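Summary of the model geometry
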Amino acid sequence: MDLTIISTFRCNSKCQMCYIWKNPTDPREEISAETLSKLPQGFDNLNLSGGEPTLRTDLPDLVDVLQPKARIMEISSNGLHPERLLPIIKKYPNIKVRFSLEGDEATSNRIRGEKNGYATKTAGLRRLREAGGTDLGFAFVVQDENVDQLLLVYEYARKNGFELSTSTLHNAWQFYKNDNYFYDRVAVARKVEDLITAMLRTSNIKSWFRAYLNLGLIEKILGHDRLIPCTAATDFAFVDPWADVWGCNVRTDLPMGNLARQSWREIMDGEQAAGTRAKVGMCKQNCWMVTTARTAMRSTVLPQLPKPKPFAWVVKNKLKLLVGQRIRFDDYVDYSRVLASPYSPRSSYLLNREKVSLVRHRSTTDQRYPLKVFENR
Ligand code: SF4
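Let us look at the structure shown here. (Residues numbered from 1 in each chain as written. Predicted model: local features only at pLDDT ≥ 70, side-chain atom pairs only at ≥ 80, totals over all residues.)

**Some words on the overall build of the protein chain**
Regarding its fold elements, the protein chain presents 14 helices and nine strands. Here the C-alpha atoms of the protein chain give a radius of gyration of 20 Å, agreeing with the 21 Å that 2.2 N^0.38 yields for 377 residues. Put simply, 73% of the contacts in the protein chain that link residues at least 6 apart link residues at least 24 apart. (Helix = DSSP H or I, 4+ residues; strand = E, 2+ residues; numbered from the N terminus. Rg over C-alpha atoms; globule rule 2.2 N^0.38 Å. Contact = placed C-beta atoms within 7 Å.)

Below, the structure is given as structure tokens:
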């Protein structure tokens, strides 16, 4: 159903919650347009991500190959090079683009280690709209440092006609980081309630289901089980810059195959994929990333429609708001049971001039992902 392609581990942001930028891939080793052409048609959502995909000089070629293969083609970018997306949007106005934004100017720049990031990406998204873009928005990673601004960013996006997608701190091989823990889980979770209520108050059906997605974020933040079982390796998968296909972007023990050496059919029908699916069925992680959670929320028969559980929750709570009642979050979320959070400080790389260089010749999984354990509790 859904596939995320991590086209590169190079990135020109220096985020405090993601260390891709410290582990850049050699462009000569990154998955090619030719390899991606082996993907079949008929995906529901194809997300071209990174690292930062606009650092790929062949980005237009990648998009030409991928765009016809999906109902929705999405580019997740830090927004620092909007000019590189302009010709793509002019050619394919319906491509979904999300720029990372983590709060007001000072907060976003500090969290993302971007000197002029806020100004560049907010102006850049407007330029993409002037160029004809129809599905543009921001992506916000909820954390202790910016949760106070979550509602402000949502209102800013709405006022300007943009979407807002949310995720929260995770530990994952994709981020090269295994110490992203909340400082105060309850305080962060309570703030997300305000966003849920605001989203349900709108007349936008998509926003109502994003409200449910954010309910799942609250469970993740508190350390509870997922709202909906994971369907990794069955309904979604990830392709890394070396063309390795993975069940998800969290665990390094869920390989499925390699798109450069195998056909898509061989990968999906192979023994490795079957073994990975068996492990997914027993996975105890409580991750809830936007790329994977939104897949789990949708019908596998008609991916445009939600599964019954989110549908029922949305109808019930939308009706409550319509008749003037409040959403009783404590009926859904057990705030008395909150997992302890190890203290692991995060600090800004905005003024830190830490230099990184390409990490060449990473030929084994151990060399590519030296951190082994990525826990989401
Ligand atoms: S629940 Fe487990 S298998 Fe599913 S995405 Fe999270 S870590 Fe991966």
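**A look at the site of the ligand**
Taken together, Cys230, Ala232, Gly247, Cys248, Val250, Arg251, Val280, Cys283, Gln285, Cys287 and Thr292 form the complete shell of residues around the ligand. Of the residues belonging to the shell around the ligand, the class tally is seven nonpolar, three polar and one charged. (Near = placed C-beta within 6 Å. Nonpolar A, V, L, I, M, F, W, Y, C, P; charged D, E, K, R; others polar.)

**Regarding helix H4 (residues 105-112)**
Every buried residue of H4 is accounted for by Ser108, Asn109, Arg110, Ile111 and Arg112. Close packing links the buried residues of H4 with strand E4 (96-100) and helix H5 (117-130). Of the residues flanking the end of H4, it is Gly113, one or two places downstream, whose phi is positive at about 60°. (Buried ≥ 20, exposed ≤ 12 C-beta atoms within 10 Å, placed from the backbone.)

**Things to note about the environment of Thr107**
As for its position among the elements, Thr107 is in helix H4. Placed eleven residues apart in sequence, Thr107 and Tyr118 show a C-alpha to C-alpha distance of 9.2 Å. Not counting the four nearest positions on each side in its chain, Thr107 is found in contact with Glu102, Glu145, Asn146 and Gln149.

**A word on the pairing of strand E2 (residues 43-49)**
A large share of E2 lies buried, amounting to five of its seven residues. One ladder, built from five bridges, connects strand E1 (residues 2-6) with E2; its direction is parallel. Within E2, the residue paired with Ile5 across the bridge is Leu48. Note on the crossover from E2 through helix H2 (residues 59-66) to strand E3 (residues 70-77): the handedness is right-handed. (Pairing = 2+ DSSP bridges. Right-handed = clockwise from strand over helix to strand, strands pointing away.)

**Concerning the pairing of strand E6 (residues 163-168)**
Of all the six residues making up E6, five are buried; the element is thus mostly covered by neighbouring parts of the structure. Pairing of strand E5 (residues 135-142) with E6 involves six bridges; the strand directions are parallel. By the bridge assignment for E6, Val141 is matched with Ser167. Of the crossover connections in this fold, the one passing from E5 over helix H6 (residues 150-159) to the parallel E6 is right-handed.

**Some points on the nonpolar core**
What tends to happen in soluble globular proteins is that the nonpolar side chains get buried as a cluster. Phe138, Phe140, Val192, Ala211 and Val239 are the most contacted members of the largest nonpolar core, which has 93 residues in total. Ranked by the residues each element gives to this core, the list is headed by helix H8 (residues 205-222), at ten residues. Residues within four places of Phe138 in sequence aside, it is in contact with Arg98, Phe99, Leu101, Val153, Ala157, Phe162 and Leu164. (Core = buried A, V, L, I, M, F, W, Y, C linked by C-beta atoms within 7 Å.)

**Looking at the sheet that holds strand E8 (residues 244-246)**
What holds strands together in a sheet is hydrogen bonding between their backbones, with the strands either parallel or antiparallel. The mixed open sheet is built from nine strands, whose spatial order is E6-E5-E4-E3-E2-E1-E7-E8-E9. Because the sheet does not close on itself, it has two edges, and the strands there are E6 and strand E9 (255-258). Pairwise comparison of adjacent strand axes, ignoring direction, gives a mean angle of 25° for this sheet. Pairing between strand E7 (residues 236-239) and E8: two bridges, direction antiparallel. Paired with Phe238 across the bridge in E8 is Trp246. Docked against the sheet, H6 engages E5 and E6, running at close to 175° with respect to E5. (Axes fitted to C-alpha atoms, helices over the stretch in contact; angles between N-to-C directions.)

**With respect to the packing of H8 against helix H11 (residues 290-297)**
Contact pair H8 / H11: the axes reach a minimum separation of 11 Å and the direction vectors enclose 115°. When the axes of H8 and H11 are compared, the crossing they make is right-handed. In this structure, H8 uses Phe209, Tyr212, Leu213 and Gly216 to contact H11, whose residues at the interface are Ala293, Arg294 and Met297. Broken down by class, the residue content of the contact of H8 with H11 amounts to five nonpolar, one polar and one charged. (Left-handed = near helix turned anticlockwise from the far one by under 90°.)

**Structural notes on unusual backbone geometry**
Put simply, Gly50 and Gly51 share a cis peptide bond, and its omega is 20°. Within the secondary structure layout, Gly51 lies in the loop between E2 and H2. Not every positive phi belongs to a glycine, and Ala233 is a case in point at roughly 75°. Here Ala233 lies in the loop between H8 and E7. A tally of 26 C-beta atoms within 10 Å means that Ala233 is categorised as buried. Unlike most non-glycine residues, Ala243 shows phi in positive territory, near 75°. Tracing the backbone through its elements, the reader meets Ala243 in the loop between E7 and E8.

**Some words on the environment of Glu74**
Mapped onto the fold, Glu74 is located in strand E3. Among the residues examined, Glu74 registers 21 C-beta atoms within 10 Å and is labelled buried. Here the alpha-carbon distance between Glu74 and Lys96, two residues 22 residues apart in the chain, equals 4.5 Å. With near-sequence residues (within four places) excluded, Glu74 lies in contact with Asn45, Leu46, Asn47, Leu48 and Lys96.

**A few points about the packing of helix H7 (residues 185-201) against H8**
How two helices pack is summed up by the angle between their axes together with the distance between the axes. Where H7 contacts H8, the axes come no closer than 8 Å and their chain directions differ by 170°. As far as their axial angle goes, H8 and H7 are roughly antiparallel. Each of Arg185, Val188, Ala189, Val192, Leu195, Ile196, Met199 and Leu200 in H7 lies in contact with H8, whose residues at this interface are Ser207, Trp208, Arg210, Ala211, Asn214, Leu215, Leu217, Ile218, Ile221 and Leu222. Class assignment of the residues belonging to the contact of H7 with H8 gives a composition of 14 nonpolar, two polar and two charged. (Parallel < 35°, antiparallel > 145°, perpendicular 65-115°, else oblique.)

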